[in-house]
Structures are given as structure tokens and as C-alpha cells.
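Spelled out from the first residue to the last, the chains are:
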Amino acid sequence: MSGGGARSLALHGGVLALLLALHFVLPAYHHGNLARIMVLASYAIGYNILFGYTGLLSLGHALFFAAGMYGMGLAMRHAGLGPGPALAAGLAAGLAVSAAMGLLALRTAGVAFMIVTLMFAQAGYLALLYFGAWTRGDEGFVIQQAERILWGIDLSDPGNRYLAALALFALCLLATLWLVERPFGKVLVAIRENEERARMLGYNVFAYKLGAVILSGTVSAAAGAAYGLLFGYVGATFASVQYSIFPLLWVLLGGAGTVLGPLIGTLFMFYLIDLSSGVTSAYMLVAGVVLVLVTLFAPQGLAGLLRARLWRWLP
Amino acid sequence: MEFGPHLVLATLEGAVTAAVLALTAVGLSLVFGVMRVVNVAHGEFFMLGAVLAWWVTSLIGGPPALGFAAALVVAPLLVGLLAAAADMTVLKRIDYDPERTIVATIGLLYILQQVTLMTYGADARPVEPPFNTRLAIPWVTFAEGRPQLIWPWGLGTTSYKLAVIGAAAAVLAGVWLVMTRSRIGLLMRATQLDRDMALAFGIPVERIYALVFGLGAALAALAAVLIVPISQAHYLMGGDPLLLSFIVVIIGGLGSLPGTLVAAILIGLSDGIISVFFSPTLAKILATLLVALVLVFRPQGLFGLRAA
Amino acid sequence: MTLLSTRGLTKRFDGLHAVEDVDFDLPEGQVRALIGPNGAGKTTFVGMLCGRITPSAGTVAFAGRDISHLPAHRRIGLGMAYTFQITSVFARLSVAENVALAARRKVRGALGVRRMVARSLARVGLEGQSGQIAGTLSYGHQRLLEIAMGLAQRPRLLILDEPTQGLSEAEITGFKALLRDLSASATILLIEHNMSVVMETADRVTVLDFGRILAEGSPAEIHADRAVQAAYLGTA
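Residues numbered from 1 in each chain as written. Chains lettered and ligands numbered in written order. Predicted model: local features only at pLDDT ≥ 70, side-chain atom pairs only at ≥ 80, totals over all residues. Heavy atoms only, no water.

Things to note about the sheet that holds strand β5 (residues 65-66) of chain C
Residues and elements named next belong to chain C. Judged by pairing direction, the sheet is antiparallel, and its 4 strands sit side by side in the order β2-β1-β4-β5 without closing on themselves. The outermost strands of the open sheet, each flanked by one partner alone, are β2 (16-27) and β5. Sheet analysis places strand β1 (residues 2-13) next to strand β4 (residues 57-62), joined by 5 bridges and oriented antiparallel. Looking across to β4, one finds that T6 is bridged to V60. Sitting on the sheet, helix α1 (residues 42-49) touches β1, β2 and β4, and the angle it makes with β1 is about 120°. (Pairing = 2+ DSSP bridges. Helix = DSSP H or I, 4+ residues; strand = E, 2+ residues; numbered from the N terminus. Contact = heavy atoms within 4.5 Å. Axes fitted to C-alpha atoms, helices over the stretch in contact; angles between N-to-C directions.)

Shown next, in the form of C-alpha cells:
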């Protein structure tokens, strides 16, 4: 653990330094992609807290992502808030929605939990369409450049946008790293490994799981709010089932229950889908094939394979 | 039209929905009941049934009845075989782990849907019904104190819609007979009760699983062939049947065939009636919330007594 | 002082009486063995004590307090510890982390936890394996790890559900010594099939049969009891 601690700090610090260095060398197209990937990877990190570390498979995280995005966007559009308070509104929306979902869905387990989260998220998506007068439904709405200036920084500028995405990602990454070394994180892992045993050690399993849902949901909401603000668009697509499946796919591919897995999985899938959408409109085929292959052959994901074969200390 | 005839019309439309829904949901319920797994790709097997029906009928040509009869046999058979193959190559290899099965069938969902998009395309295509006589329905009114038979404009159905209801009922009766009276049904029920015990008694559990998974998908495909002359075949049409089947199976009690049937009739009938009064989106919101809340507060379903 | 007592404790499953109207008192400091034929309701009974199973009727009191309506984790928090009949460690975590998870409920601070882990592992003789992944331990060592986890909770009452099941003769001998050592610091309720363990370690024995208390007494009295012999022979 002691040697691992130093090595893991070096590894994750190195990854962050690399991402910063890429800011100066990447061509515009990939630079823009990587900014998106880092925000989406932050979403995956949020998902990983619940799925990877606590062992709860949610099929409804798009609800949290969208809660952040719409909490931010609607606060701007209808309450006229500036980007700072609007981001806070997005976080608060994510917190409230995840607490409500957690209180209800955690009364179930396993397959029922998956279906309940799926149904709540679907109800949320449909509600966005139903209240189209407020949300502009499927069409969504654009956040004007003038509204995207936070603390004097114009977030619509690609350079600033990249650095803001990196800041968010670094924050999420370091927070997970810290979390998994804390007693709270270790209890989550214990619940994933053997829930009944954790309960019989005296842990209030429900409270810990609720904490995990809220933390996971709020991080996902932060990513959603940041996505809307950085890329200037808020739309119901981000609340659809597809956006609940994506983080599952990214985390499964990258490695559930590893700190770097979400980034690796998001990076791979983003480029896979990007490349295939140049060839065919049926680009989600790639997502389907990867889901089946990972389930069949690499349930521990890419980072999990690394951990099993090379670096046992990988957190 | 007055309220009375309107209600009759909504009920008739609802009965068609209920019939098709019952077939689809019984397929999902059968798979859950025997194999204890949730098949998220179920709606795509439904979609494949409809697309294959279009393919078969346009390939054969000739009178609509001929192509349609061929589609009734070929589409469920092909879909069933495909599903059995998916069971043996994917689900068997992950040992039917409930959570991993859901993830794998989500993958399967996208594969089936997107391959259909690449080959069949994004258009919605119609299939001609084999017969389609309009049947007007009389209504009784009281004029000057005497009952009088009138034929309200717009109140009616078609012979094909009635045939769909009849066919679904016949197939469901067949499924029930197979499950309760036949040897293969006995083997299925034994596998459902205790997989390990069934294995110990030499029941070929793996083959039963492939059969059940294929049968479940074939029922969805059959339902789609029946409905495709009324709606149309489209690569995204699998979403609604999946959602509705979920609702039916969960409300009816997971894995309980009679509960599934009752719920299908109830949901199918009320779907027609509710959509007269509410917007379809609101109806869907309420339905998804209902499913979630039933699972949270009454996991055995509204009608089932058995725990899931 | 009575540490644990039940009154009228009953559990029915679908009309079947698994545990029927049990009044049970366990004084502080005692080692009590709970024996009975298979299906006598022993595991159901202790399951109701620590909150894993909700009773159909009756009350449970611990340290003078009615705990009938407390959830399991609150009862554990009051000073109960329960080791599972079927070995139930965190198989993919290290031995030390398994014990640390148990210790953190009672001990604050990383240093204190580490000390408690070391002390608990030393008492069961697993100090050499602390870095190993728990699932790779031998079966006997996993049972010892279970007990170390129980110790790290510093319980007032330690409930051991068939701790010697599946152990070798040598391991059982070691376990008896460990049990005598443990009895100095905690009250112990022991579900046990192995009569030599019961005879050598228990202060008193309670016999459960068909969900009811059939007899209670010193090991020697129970050994001589005709009804107990009949109950066992009846199922042999």
C-alpha cells in the first residue's frame, strides 16, 4: 500500500500532466475531442463510484447528467442567473434528484434496481419532452457565448474550454483517488464485495449506499452542467437511455472499480464511435459489439486487465 | 360520435393492443420465469419479426394472404433460431449471471437494431393485410321512447383486427397447453423450480434454456407479424413493445404467466382508453413511474403473490 | 447480570414454526453452547438475536435494553458480533483489510486501526498472512479470519455459528484453546455440532429441538439427559 501510494500518485499525476501537455500540441480537431472526452470521463468517474466501487449497476444515470445540465441551463434561461450560480443550481438539482432516486431505488437490489433506475430515468426524459414549453424538448436550446463567461474567462474559447474540462476532470480524478483510500470508500468496496457481511460488521449499509448514489449522482450532474456550459447546448438527447448506457459502457470497457478506467474507456469509445460514424449512420453498432465482447471476454475492463497482469497496486 | 360508441371503439382498439402485448409480454415473462434473466433485447426481436415479415411478403409477392401466411411461419422461426444462437454464444458463456445478462442483451439490442438500420434502412414500410373487410358496428339509441338500431359513422373495425385477437388467443392457449400438459413444458417447469436439481436429474438444462430463449423471442416476432399490417415495420419500433412488456411483466408479477396475461389485457385496454384522454407522452410518464413504484413497493407485482 | 434475554421469541415460515416461544437468558461472561439436531431452529434463533431475521413474535433485550425493533447494524453497534456459518469474508480484499473493516467501527484513527488489526490477527495466529488476499486462504484460515473480524469489533457478545464446521482435528484443538482465551474478554454464544468442543469449552448448554428449548444445564447434565439423547438419536 505504501509503495503503491507513491506509484499511483506518480501515475495519475503523470496522466494529468500529459493531458495538460497535449493542450499545447494537439491539432484543433483532436483538441476539441479531448475536451469533450474529459468532461464525459468525469461523468464516467461519477458512474464508477456507484457501479465500480459500490457494485450497484444503475441504468438511469442520464437522469443525473441531465439534472445537472438542465438545472444549469434552465436557471440561466428562465431565472437569468450567471454561469457561476447556474452551475451551482445544476449541482443542487443533481443532489436533489439523486437523493430522491436513491431513497426509492435502494429499496430494491440487483435486477430490480437496474429496472427501477431505468424507469425513473425514462420518466425524467419523457418529462423533459412533455414540458417542452420550458425545456424546448428534443430541439434543446443554445447557451449564447455572452452567457458563458465565468469569472472573466470566456469558456466558448477552445483553449479555455480545454483547460476548464481538464480542471473538472482533475478534480474528479483526485477526489476518487482520495475517496478510495478513505474509510468511506473502503466500506463501499466492502458492500460491493459482500453486503450482508458489511451489515453484520455494524455498517448501516443503506446509508452508505445512499451516500454513494448521491455522490455519484452529483459528480454526474457536475459533468452534465459543465458539458452544457462548455459546449453551449442543452438538449433532451442527453437524458435518453443512450446516455445511461454510455457511462456503463465506458466504465466496463475501461475497468470498473479502477480510478483510471473511466478515462481509458471514454477515450476508446469516443474514438471508436467517431471513426465508425464516418463510415455508417449505424455507429451505435460499435457500442453494442463492445458491450457484448467486454461482457464475454474482459469483465474487469482494460485497467482491470492491467491491474491483474502488471500493476497490482493500481487503485 | 357520442361517448358510448367512442368507448366501444377505444375498447376494440385496446383489445388488439392487448392481444399483441400479451404475446410479446408472455415471451419476456417465459424467459424471466424459467431462466431468471431479463432480456433487454426482447423489443428488437419484435422489431425483427416485423421487418422479416415485410421481407418475406415482398419476396414472395402474389396475393397478400400467401406472403403473409409464409411470414407467419418464417419470421418467428428465424427470430427464434437467432435468439437461440445468441443464447448459446453469449448468455451461456456468462453463465446467465443476471446483471451481466442485462448488459449483454443491451449490447445485443444495439447490434440487432443497428444492423437492421444498415441493411433494411431507416424507412417505415407497410405490409398488406391478408384480408381486411370493414365491419360496421350497430348502436342502440332511444328515440321517442323506442329502441332504435343505428350505424354511427366511424364506429367499426376490420375483419383483420378481429383475426389478430383470435390468433393471439389461440397461440396463448397453445403456450399454456405446452407449459402445463406437455413433457417439454414439464421439463421447463422443473428447470424453473430448481436448476441444479433439474441438472442432477439429467434434464438438459442448457438445451431447455436455448429453447426457452428462442421461444420467447419467437413469440415477440409472431406478435410483430400480426401487428405489422396495422402499423408498419421500422428499425426503431422495438422500444415501445419492450417498455410495455416490462410494465406488463412487472405489474403481473415477475415470471407469473397468468399474472402477465391479466396485466396485458388490463394495460392494453387501458392504453387505448387512456390515450383518448391524456397525451401519449403523459401516459408513458405515468406508466414508467408506475413500474418503478411497483418494483419499489410491491415487487411481487400487483396480482402475483409469489416473491420475485 | 443478564447480557442477553429473549421472551416468547417465535418465528413462523408459512405456518411452519421454526422457533417457538423461546425464553432465553445469557448472563455476562458465560460461554453458552446452543446445540440441537439439524433443523432445530438454531440459526434462525441467532438470526433473530442479531437482527438478520425479523421475529413473528417476542422480544429481544441486550444489556437491559429492548432491541427488538433495532436494525442489525444498530445491534452490532451496541456490542454484538456475529460470525457466519458459511464462511463469509471479503474474498477479494486482503486479510488485514478484512479485519480493518471490522475494527473501524470501534477504533478511530489509522494508527489505532492498524494496531487493532495486528492484535486481532495475532490472537488467532494469522499475523503472517495479513497481506494475503482473503479468498486465497485455506478454509480453516478463513474461519480463523472470521473470528479475528469478530474480535476486532471488541464485542460484549460474540455469536459464533458453527465455527468448527469443516475444520481438521488439529485445527479444532487449536480452536478450543482460542475459545478459552476469548472467554476472558467476551460473553460467547456458540452454535456447535461437535460435542467435544461443547463439553470442553461451554459453561452451560441450551438444547433446541423443533424450535423449542428442550433442556438447559451444565455440559455434564446435558450429556446425561435422556430427552436430549432421544432427540439426537431420533435424527441420527
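Remarks on a positive patch on the surface
On the surface, C:R105, C:K106, C:R108, C:R115, C:R119 and C:R154 cluster together into a positively charged patch. Relative to the elements of secondary structure, C:R154 occurs in the loop between α5 (139-152) and β7 (157-161). (Patch = residues over 30% accessible without salt bridge, like charges linked within 9 Å, V, L, I, M, F, W, Y side chains within 5 Å. Areas by Shrake-Rupley, 256 points an atom, 1.4 Å probe, with all protein chains shown as cover. Salt bridge = Lys/Arg side-chain N within 4 Å of Asp/Glu carboxyl O. Lys, Arg positive; Asp, Glu negative; His and termini not counted. Charge placed at Lys NZ, Arg CZ, Asp CG, Glu CD.)

Things to note about α5(C)
Helical geometry note: an α-helix holds 3.6 residues per turn, so side chains three or four residues apart project in the same direction. Taking 1.5 Å as the rise per residue, α5(C) with 14 residues should run 20 Å; its terminal C-alpha atoms sit 20 Å apart, in good agreement. Within α5(C), 11 of the 14 residues are buried, which leaves it mostly tucked inside the rest of the structure. Restricting attention to buried positions, one finds in α5(C) the residues C:G140, C:Q142, C:R143, C:L145, C:E146, C:I147, C:A148, C:M149, C:G150, C:L151 and C:A152. Against α9 (195-199) of chain A together with β6 (80-83), α3 (95-103), α4 (110-124), β7 and α6 (169-182) of chain C lie the buried residues of α5(C). Positive phi shows up at C:R154, right after α5(C), with a value of about 45°. (Expected span 1.5 Å × (residues − 1). Buried < 20%, exposed > 50% of the residue type's maximum accessible area, 1.4 Å probe, protein only.)

Observations concerning the interface of chain C and chain A
How big an interface is tends to be expressed through the accessible area that disappears when the partners come together. Facing the 22 residues of chain C at the interface are 18 residues of chain A. Here chain C packs against chain A, burying approximately 1,900 Å² in sum over the two surfaces, 61% of which is carbon and sulfur. Together, C:H73, C:F90 and C:R105 form the three largest contributors to the area buried by chain C at its contact with chain A, with a combined 30%. Listing elements by their share of the side of chain C that touches chain A, those giving two or more residues are α2 (72-77), β6, α3 and α5 of chain C. Broken down by class, the residue content of the side of chain C that touches chain A amounts to 12 nonpolar, 4 polar and 6 charged. (Buried area = accessible area lost by both parts, 1.4 Å probe. Nonpolar A, V, L, I, M, F, W, Y, C, P; charged D, E, K, R; others polar.)

Quick notes on unusual backbone geometry
The backbone of B:R36 sits at a positive phi, close to 60°, despite the residue not being glycine. If you trace the backbone, B:R36 turns up in the loop between α1 (3-35) and α2 (42-60). Given the relative accessible area of 32%, B:R36 is considered partly exposed. At C:E162, a residue that is not glycine, the phi angle is positive and equals roughly 50°.

Some thoughts on the interface of chain A and chain B
Across the boundary between the two partners, chain A contributes 36 residues, which contact 36 residues of chain B. Taken together, both faces of the contact between chain A and chain B bury some 3,200 Å²; the carbon and sulfur share is 84%. If you sort the residues of chain A by the area they bury against chain B, A:M119, A:Y130 and A:T295 come out on top, with a joint share of 18%. There are 0 salt bridges connecting chain A and chain B. Contributing elements (two or more residues each) for the side of chain A that touches chain B: α5 (110-130), α11 (241-254) and α13 (284-297) of chain A. By residue number, the principal contributor to the side of chain A that touches chain B is α5(A), which donates 13 residues. Here the side of chain A that touches chain B is composed, by residue class, of 27 nonpolar, 8 polar and 1 charged.

Re the domain arrangement of chain C
All names here are of chain C. On domain assignment, one finds that chain C holds domain 1 (2-79 + 158-235) and domain 2 (91-154). Of note, the centres of domain 1 and domain 2, computed from C-alpha atoms alone, are 25 Å apart. Together, the buried faces of domain 1 and domain 2 total about 1,000 Å²; carbon and sulfur atoms form 58% of this surface. Linking domain 1 with domain 2 are 1 salt bridge, by the criterion used here. Measuring nitrogen to oxygen at the nearest pair gives 3.6 Å for the salt bridge that ties R123 to D181. The interface formed by domain 1 and domain 2 includes 2 residue pairs in polar contact (both at pLDDT 80 or more). Those elements that provide at least two residues to the side of domain 1 that touches domain 2 are α2, β7 and α6. Top element by residues in the side of domain 1 that touches domain 2 is α6. It accounts for 5 residues. Looking at the side of domain 1 that touches domain 2, its residues break down into 8 nonpolar, 5 polar and 4 charged. (Domains from an automatic or database assignment. Polar contact = N/O pair within 3.5 Å; in protein donor to acceptor, adjacent residues only side chain to side chain.)

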